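Structure at a glance
So the chains spell out like this:
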Amino acid sequence: MINIKEKNIFSVGSSKLFFFHEAINAWQKKIPHPNIALEIQPSEICDHFCPNCQSKYSLSKKNLFDKKKYGQFIDISLLEKILDAPPSGIIISGHTGEPLLHPEIIKIFEFIKKTNIPTILITNGSNINEELAHLILRTCRGVRISLDACNLQSYKETHGVSEKYWKRTLMNIRMLTSIKRSKKNSEQDCLIGIGYLTNKISANGMKRATILAKQLGTDYIHFRPYHFDNYSIDKELKSCKVIENSGKFRVFSSSQKYEKIDCFVRNYNCCHGSAFFSVLDARGDVYICCHHVGNKDAKIGSLVNQSWNDILKSKTDFARKNGFPNDQCIPHCRMHTHNIVLESAKEVFFCDSKENSFPEMISHAAFL
C-alpha cells in the first residue's frame, strides 16, 4: 500500500504499474485494454503566461499563444464515451490551458464524481471559488496547485502574472485547506499539495516555499525539475526536509529524475508506457502523452468521430508503428521510468490475480 505517510509517492515510479496485473497481461498479448490513467485537459485557454510552459515543446510560439488566448473548451458530452471502458484513474490538468477556466467545469466534476473513478486535479489555483472548493474536495483524491514560487517576485517570474493573481491564489489555497479541516469527518480526505519546479535560480527559494506551503495548511510540497534542466537540488532538499512534520506535512521530490539528471539514457526503442496512459485534449483529440499534445504525429484518434473502444484498439501498437520515442520526446518524460521496467518485462508473463483496490493503493500520485 502506497501511503503519503510512508513513501515518496511521486518517485515510486514504475512500481505502481505492478498493481495492475490484468493491464500488463493485456499489453504483453497486444490486447486492447482500458487506460490505467487518462489525462483530461478541459481548456486550451489560460490566464497565466508561464515563460516555461511545457506546451512550448510541442507547439510553435504562435500556436501556443493562439490556443492560450482563443482556444477551445472540451465538449463535455464526449466524456460519456470513456465510460465504455473507463480508466482506473483520471488526471484533470492542462497543456496550454488552465482546467478550471472551462465554463462548465462544475458539470465536469459532477460527472466524474458519479463515475467514482479516482481523480486528481492539477491547477494554477487562481480560479478556485468556494463552490468549486467543496466540489473538488468531494470529488478528487488530491489537488496539486502549481505555485512554483516562494514570494510575489518569483511568482511573477515563473507565472508571468501580476500581484493580484499571487494574492488570489494564496487566498484560494487557504480556503481549500480550511474547508478540508472543517469537513474532515464527513468528506473524502483529499490531499492538497504545492507543486514547485526547480532550476538553479528557483532552487534558492525552495526552503521559503516549503515554509509557505506548511503555513498555508497543505499536506505536502513536491519538487521536480524543469524540462532540460540538470541542476541537482540535494543541498536545498535537505534543508526543506527539516521542515517536515511527519504525517501532517511532507516534502517530496521526483527523485527518479534528479538521481539520473546528468546521465539520461533510453534503453528502450518503444514507448511501452503509452499503452497505459493517454491524453484527451480540449478538442476531443487523444494523444500518446501529455508532452505531445498538438503534435499531429502523436495523435491517436478523436472522440468527436470515433468510439473510445476504437481508440483503445488503435493505440495498442501505436508507439511502435509511429516511432515513439523519437527526437521530439523530452528526456525524463512521464513514461521514462515505466519504459525501463516494461522493456525488461516484455517476455515475462504476469499471472492473473485479483488487483488491489486502486484508491487504497495510490493516495494521490498521478497514477503513472
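Residues numbered from 1 in each chain as written. Predicted model: local features only at pLDDT ≥ 70, side-chain atom pairs only at ≥ 80, totals over all residues. Heavy atoms only, no water.

In this fold, Ser43 is placed in the loop between strand E1 (37-40) and helix H2 (61-70). Polar contacts involving the side chain of Ser43 include one to the main-chain carbonyl oxygen of Ile45, which spans 2.9 Å. With residues up to four places along the chain from it excluded, the contact list for Ser43 reads Gln72, Phe73, Gly97, Glu98, Pro99, Leu101, His102 and Ala282. (Helix = DSSP H or I, 4+ residues; strand = E, 2+ residues; numbered from the N terminus. Polar contact = N/O pair within 3.5 Å; in protein donor to acceptor, adjacent residues only side chain to side chain. Contact = heavy atoms within 4.5 Å.)

This part is about the pairing of strand E4 (residues 142-146). Of all 5 residues in E4, 5 are buried; the element is thus mostly enclosed. Where burial is concerned, the two faces of E4 agree: the one with Gly142, Arg144 and Ser146 and the one with Val143 and Ile145 are both buried. Where strand E3 (residues 119-123) lies against E4, 4 bridges are found, and the strand directions are parallel. Note on E4: the bridge partner recorded for Ile120 is Gly142. Of the crossover connections in this fold, the one passing from E3 over helix H4 (residues 130-139) to the parallel E4 is right-handed. Relative to strand E5 (residues 191-198), E4 is paired through 5 bridges, and the arrangement is parallel. Residue Arg144 lies in a different strand from E5, and its bridge partner there is Gly193. (Buried < 20%, exposed > 50% of the residue type's maximum accessible area, 1.4 Å probe, protein only. Pairing = 2+ DSSP bridges. Right-handed = clockwise from strand over helix to strand, strands pointing away.)

What follows is about the packing of aromatic side chains. We describe a pair of aromatic rings using the distance from one ring centre to the other and the angle between the two ring planes. Counted according to the given criterion, the structure contains 6 aromatic pairs. Look at Tyr57 and Phe228: their rings are 5.2 Å apart centre to centre, the planes differ by 45°, and that puts the pair in the tilted class. Taken together, the residues span a long stretch of sequence, with Tyr57 in the loop between E1 and H2 and Phe228 in the loop between strand E6 (220-225) and helix H8 (234-241) at a distance of 171 residues. In this structure Phe228 comes out as exposed when scored by relative accessible area, which is 54%. (Phe/Tyr/Trp six-rings, centres within 6.5 Å; stacked < 30°, edge-to-face > 60°.)

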